[in-house]
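The primary structure of each chain is shown beneath.
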Amino acid sequence: MRFTRLAALAAVTMTLVQCAPPPEPPPASPDPPPAPQPSTQAAPRPPTVSPVTAADLGATWRPGCPVGPDALRRVELDHWGVDGRRHRGELVVNADVVDAVVDVFAQLTALRFPIEKMQSPDRYPGAEDELSMRDNNTSAYNCRGIPGSDSWSLHAYGRAVDINPRINPYLDARGHFEPANGGPWLDRTRTDPGMFHDGDPAVEAFTARGWRWGGHWRTPLDYQHFELR
Ligand SMILES: [Zn+2]
């Protein structure tokens, strides 16, 4: 009984301790100097231009293609992303159009025109254009023919760029379109960021510099495609 009373007293004491107000907080110390804020935006970087070898080109090039690796350059440049941040991408283009490519992509960045991704088609199995397009990947050089033709595409010369291809699909006269997942964007009344429409500042950035836009063609319509002959 006595033990029980002691235990009860101890329980009350513990309860009192638990209910005691918390200790006073230590006096406030002066605020430390503000730490430098981490940059939320990568600093712009100038483009870099480098030569490429056949090994660098991987499956995008093979013997018999109309231009060799010595005529091509890898251009690494900044672009605006769909996330509203600056990204670094790469394009392989003809050495003759390097300056023109750098110039027009600088203008796209100034317009904050969003480009989802920009990497070599060689990142996709067999450098298969359909896979690159389905992934909405922006690319330039790829040794391939014009669909439905035995002529080389200007991509095989490094003189054409396809931008945001899933949302700017290719459509031929028979209604065949590429890529296979681009169907919703055949509706050109859509205004998703990164789509091209006649009269857009991003389209005019190209056409004012002498590029042709596949969206101006009658057939096929190739909304992703810009070329400089
Ligand atoms: Zn194209």
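Everything numeric in this text was worked out from a predicted model, so none of it was measured.

(A) Summary view of the pairing of strand β2 (residues 72–80). Buried residues dominate β2, accounting for seven of its nine residues. Strand direction decides the pairing type here: β2 and strand β3 (residues 86–94), joined by nine bridges, are antiparallel. What sits directly across from Arg74, in β3, is Val92. Hairpin remark: β2 followed by β3, antiparallel, with five residues in the connecting loop; positive phi at Gly84, about 70°.

(B) Focus on the environment of Ile115. Considering the arrangement of structural elements, one finds Ile115 in the loop between α3 (98–110) and β4 (117–118). On a C-alpha basis, the gap between Ile115 and Ile163 in space is 7.2 Å, while along the polypeptide they are 48 residues apart. Look past the residues within four positions of Ile115 in its chain and what remains in contact with it is His79, Trp80, Gly81, Thr138, Ile163, Asn164 and Gly194.

(C) Up close: the environment of Val203. Structurally, Val203 is set in helix α5 (residues 201–207). Residue class for Val203 comes out partly exposed when judged on the 19 C-beta atoms lying within 10 Å of it. Setting aside its immediate chain neighbours within four residues, Val203 contacts Phe196, Asp198, Trp213 and Gly215.

(D) Representation of the confidence of the model for the protein in the model. Per-residue confidence for the protein averages 88 on the pLDDT scale, and 83% of its residues sit at or above 70. A low-confidence stretch, residues 1–20 stays under pLDDT 50, and its non-local contacts, those more than four residues away or across chains, total zero contacts.

(E) How the structure looks around the nonpolar core. Membership of the largest hydrophobic core comes to 39 residues, with the highest contact counts inside it found for Leu91, Val92, Val93, Val101, Val104, Ala140 and Phe226. Going through the elements one at a time, β2, β3, α3, β6 (160–162) and α5 are the ones with two or more residues in this core.

Rules of the game
- Residues numbered from 1 in each chain as written.
- Predicted model: local features only at pLDDT ≥ 70, side-chain atom pairs only at ≥ 80, totals over all residues.
- Buried ≥ 20, exposed ≤ 12 C-beta atoms within 10 Å, placed from the backbone.
- Helix = DSSP H or I, 4+ residues; strand = E, 2+ residues; numbered from the N terminus.
- Pairing = 2+ DSSP bridges.
- Contact = placed C-beta atoms within 7 Å.
- pLDDT = per-residue confidence, 0-100.
- Core = buried A, V, L, I, M, F, W, Y, C linked by C-beta atoms within 7 Å.

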